[in-house]
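# Fold and geometry: a report
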Amino acid sequence: MTSPPGFDRRHLLRAASVTALAILGAGTLAACTSAVGEQRAAADENAKPVRGGTLKIGAPVDLSPAGLLTNTGAVPFVIGLVYETLVRYPHDSLEPAPLLAKSWTLADDGLSITLQLRDDVVFHTGRAFTAADVEFSLRTYADPKWSAQMKSTAAAVTGFDTSTPHQIVLHFAHPLGNIFDLLDTVPILDSETLGAVTTENTFVGTGPFRLTQRDPNIRIVFERNRHYRIPDRPYLDRVELSIIPDSQAQLNALRSGRIEVATSLTYRDNESLARSSAFKTVDFDGAELQIYVGVNVTNPELADVRLRQAIAHAIDRDRIITEVYRGTGYPLNLPWPRNSPAYDSVRNTRYARDLGKARELVAQTGKPPKLTLSYGTDIPSYQAVAQIVQANLAEAGIEVILDPNDPATAVKKLIGGRYPGLWILDHSWAQFVPSTLTVSAYPFNARKNASHFESGGYVAAADAAWQVKQGIGPDAQRAYLELSDQLLDGLFLIEIGAHIQQYAATKRVHGYAWTKSRETLLSEAFLA
């Protein structure tokens, strides 16, 4: 067995195998878990931790209990504070570190994994955590009724050996190069209370905070879990999440002291606040988002790939990154961020801005089209991006009508594939093992996606990348090249660029941390 890897970014490309992790002593394990999961907690910390207090956060959208496993709305706050997973990725690599699983051994044939579980963990109800809870959580995540994006990978776990209370063996239908993505993502759920999630707002996990109150569309209250497995954590007594849909209202609440963290300001406002002596930005490094233009390929105007190519050539990616995201990101033609094993600098230049080429392609398709461009209203940057794209496409001879959608409608249209023409949203998952994106994410899923794009070649490439034994090894990297070519040729999604999510906070806030999927971690947070 091997020792836990460090967090050096170089591991990402040179590691060909992640087969096991040494069992650690209890004290060392707790320290390692805390350090990996909340590695940014000490980034600004000359301040000495202070116990107690209430951290007040403003969020634009409430929690939908039925969407607990969808990572939408306020779900990232609830999952990060109330629940825990088996492993956790550090921000700068795809090599997992222990959390509720102490160690693991991946079989040589890639068809099973054996996990050793912690024996000192209890749910908020006081019930002990065992292997049966892992099986229940994975089976629940695979159930289509929860609309979890990684349900196909969870469904590929076909066997569970839970004969030992703190060991579980998972058997796979085929090798899963992204198995650690699944183990990093699936929250460990309480089988005894999950049914009350949608009826009674009962959320029970093993995490550092308990959800004690929810007033729909007003606030969610979390209180310190006094029986948390890490001694003397969390520092905070309470976290209050206030639902404040309007960006300007959040800014005013931050400036007036009614909240200490604002989660949906414009990048320009964050930039301005960071210049002051009272505020700072929290940059979600390692958890990149990608802004993109989605395309419904069943729309007669958009069925011709030449028009999609025209749109790709017309978009001024540099302007969007500079003006809207204030330089926090970089342009892309493909979804993979720069630290991904699938990133390819040459392929990312295929659809550089070229208005002449865009106009030529529009002319080839015949009558200039008139398209709907939808966007969500919960994120201020979406409207700004939509306006630039509208202007860009007008330059190429494509008329666009903007169509704002409230957050609930935007999500329903995405999941249901009901956008009529073009749409602008962020996607995630590209910061994980690349195959996860193309077998899981609503916009990209090779078998069923929001664009209604169908291609045998794309399905074959997605499956080949998914079914390698090691998702960051040389075989996987070769498979990702074919996957990238399929995305560029099909062009049912038009990437604009990667950007780093930002929150604004008062300088009293220390230790604010996050997972690779941007779930909030506050066991090391305090107010000084």
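The paragraphs below set out a description of the structure included in this document. (Residues numbered from 1 in each chain as written. Predicted model: local features only at pLDDT ≥ 70, side-chain atom pairs only at ≥ 80, totals over all residues. Heavy atoms only, no water.)

## Overview of the overall build of the protein chain
In terms of helices and strands, the protein chain carries 17 helices and 23 strands. Over its C-alpha atoms the protein chain spans a radius of gyration of 23 Å, differing by no more than 12% from the 24 Å that the globule rule assigns to 528 residues. Across the 528 residues that make up the protein chain, the buried fraction comes to 59%. Of the contacts made within the protein chain by residues no fewer than 6 positions apart, 73% connect residues no fewer than 24 positions apart. Surface summary for the protein chain: the accessible area is close to 19,200 Å², and the carbon and sulfur share equals 49%. Taking the average location of the 51 positive side-chain charges in the protein chain and that of its 56 negative ones, the two points are 3 Å from each other. (Helix = DSSP H or I, 4+ residues; strand = E, 2+ residues; numbered from the N terminus. Rg over C-alpha atoms; globule rule 2.2 N^0.38 Å. Buried < 20%, exposed > 50% of the residue type's maximum accessible area, 1.4 Å probe, protein only. Contact = heavy atoms within 4.5 Å. Areas by Shrake-Rupley, 256 points an atom, 1.4 Å probe, with all protein chains shown as cover. Lys, Arg positive; Asp, Glu negative; His and termini not counted. Charge placed at Lys NZ, Arg CZ, Asp CG, Glu CD.)

## Points about helix H17 (residues 474-490)
In this model H17 runs 25 Å from its N-terminal to its C-terminal C-alpha over 17 residues, within 8% of the 24 Å that 1.5 Å per residue would give. Turning to H17, its buried residues are Ala476, Ala479, Tyr480, Leu483, Ser484, Gln486, Leu487, Leu488 and Gly490. Tucked inside the fold, the buried residues of H17 contact helix H10 (305-314), helix H15 (434-440) and helix H16 (456-466). Phi turns positive, to about 50 degrees, at Leu491, one or two residues after H17. (Expected span 1.5 Å × (residues − 1).)

## A closer look at the sheet that holds strand E18 (residues 493-499)
Consider a sheet: its strands pair through backbone hydrogen bonds, and that pairing is either parallel or antiparallel. Across the sheet, which stays open at both edges, the 6 strands sit in the order E14-E18-E13-E17-E15-E16 with mixed pairing between neighbours. At either margin of the open sheet sits one strand with a lone partner, and together these are strand E14 (330-331) and strand E16 (399-405). Sheet analysis places strand E13 (residues 289-295) next to E18, joined by 6 bridges and oriented antiparallel. Among the inter-strand pairings, Gly294 is bridged to a residue of E18, identified as Leu493. With respect to the sheet, helix H11 (residues 317-324) is in contact with E14 and E18, its orientation differing from that of E18 by roughly 35 degrees. (Pairing = 2+ DSSP bridges. Axes fitted to C-alpha atoms, helices over the stretch in contact; angles between N-to-C directions.)

## Looking at the layout of surface pockets
The space that makes up the second largest pocket amounts to roughly 350 Å³. As for the second largest pocket, its lining consists of 22 residues, of which Lys151, Ile415, Tyr442, Asn445 and Lys448 are closest to the centre. Of all elements in the fold, only helix H5 (151-155), helix H14 (407-416) and H15 reach the threshold of two or more residues within the lining of the second largest pocket. Taken together, the residues of the lining of the second largest pocket sort by class into 10 nonpolar, 9 polar and 3 charged. (1 Å grid on protein atoms, 1.4 Å probe; cavity = no way out; pocket = protein on both sides within 12 Å on 5 of 7 lines; lining within 4 Å. Points joined across faces, edges and corners; volume = space filled by probe spheres on them. Nonpolar A, V, L, I, M, F, W, Y, C, P; charged D, E, K, R; others polar.)

## Brief notes about the side chain of Gln149
Position of Gln149 among the secondary structure elements: in the loop between helix H4 (131-142) and H5. Overall, the relative accessible area of 11% leaves Gln149 in the buried class. Polar contacts involving the side chain of Gln149 include one to the main-chain amide nitrogen of Tyr442, which spans 3.0 Å. Among all residues touching Gln149, those that are not within four sequence positions of it are Leu69, Thr70, Tyr141, Trp429, Val439, Ser440, Ala441 and Tyr442. (Polar contact = N/O pair within 3.5 Å; in protein donor to acceptor, adjacent residues only side chain to side chain.)

## Comments concerning the packing of H16 against H17
Where H16 meets H17, the closest approach of the two axes is 9 Å, and the angle between their N-to-C directions is 155 degrees. One finds that H16 runs roughly antiparallel with respect to H17. In this structure, H16 meets H17 at a crossing whose hand is left-handed. Contacts between H16 and H17 involve Gly457, Tyr458, Ala461, Ala462, Ala464 and Ala465 on the former and, on the latter, Ala479, Tyr480, Glu482, Leu483, Gln486 and Leu487. For the contact of H16 with H17, the per-class residue count stands at 9 nonpolar, 2 polar and 1 charged. (Parallel < 35°, antiparallel > 145°, perpendicular 65-115°, else oblique. Left-handed = near helix turned anticlockwise from the far one by under 90°.)

## Quick notes on the packing of H10 against helix H12 (residues 355-364)
Viewed as axis vectors pointing N to C, H10 and H12 meet at an angle of 160 degrees, and their least axial separation amounts to 8 Å. Taken as axis vectors, H10 and H12 run roughly antiparallel relative to one another. Crossing geometry of H10 relative to H12 is assigned as left-handed. Across the interface between the two elements, Arg306, Leu307, Gln309, Ala310, His313 and Ala314 of H10 pack against Leu355, Lys357, Ala358, Leu361, Val362 and Gln364 of H12. Split by residue class, the contact of H10 with H12 holds 7 nonpolar, 3 polar and 2 charged.

## Let's talk about the environment of Ala461
Tracing the sequence through the fold places Ala461 in helix H16. Take Ala461: its relative accessible area is 5%, and that puts it in the buried class. Those residues in contact with Ala461, other than ones at most four positions away along the chain, are Glu482, Leu483 and Gln486.

## Points about the pairing of strand E9 (residues 219-224)
Here 6 bridges tie strand E8 (residues 209-215) to E9, and the two strands are oriented antiparallel to one another. Counted as the bridge partner of Leu211 is Phe222 from E9. Across 5 bridges, the pairing between E9 and strand E10 (residues 238-243) is antiparallel. Following the sheet pairing, Phe222 is matched in E10 by Val239.

## So, the pairing of E18
With 7 of its 7 residues buried, E18 lies for the most part within the structure. Judged from the 2 bridges that link them, E14 and E18 form a sheet pairing that is antiparallel. Bridge pairing in E18 places Tyr330 opposite Ala498.

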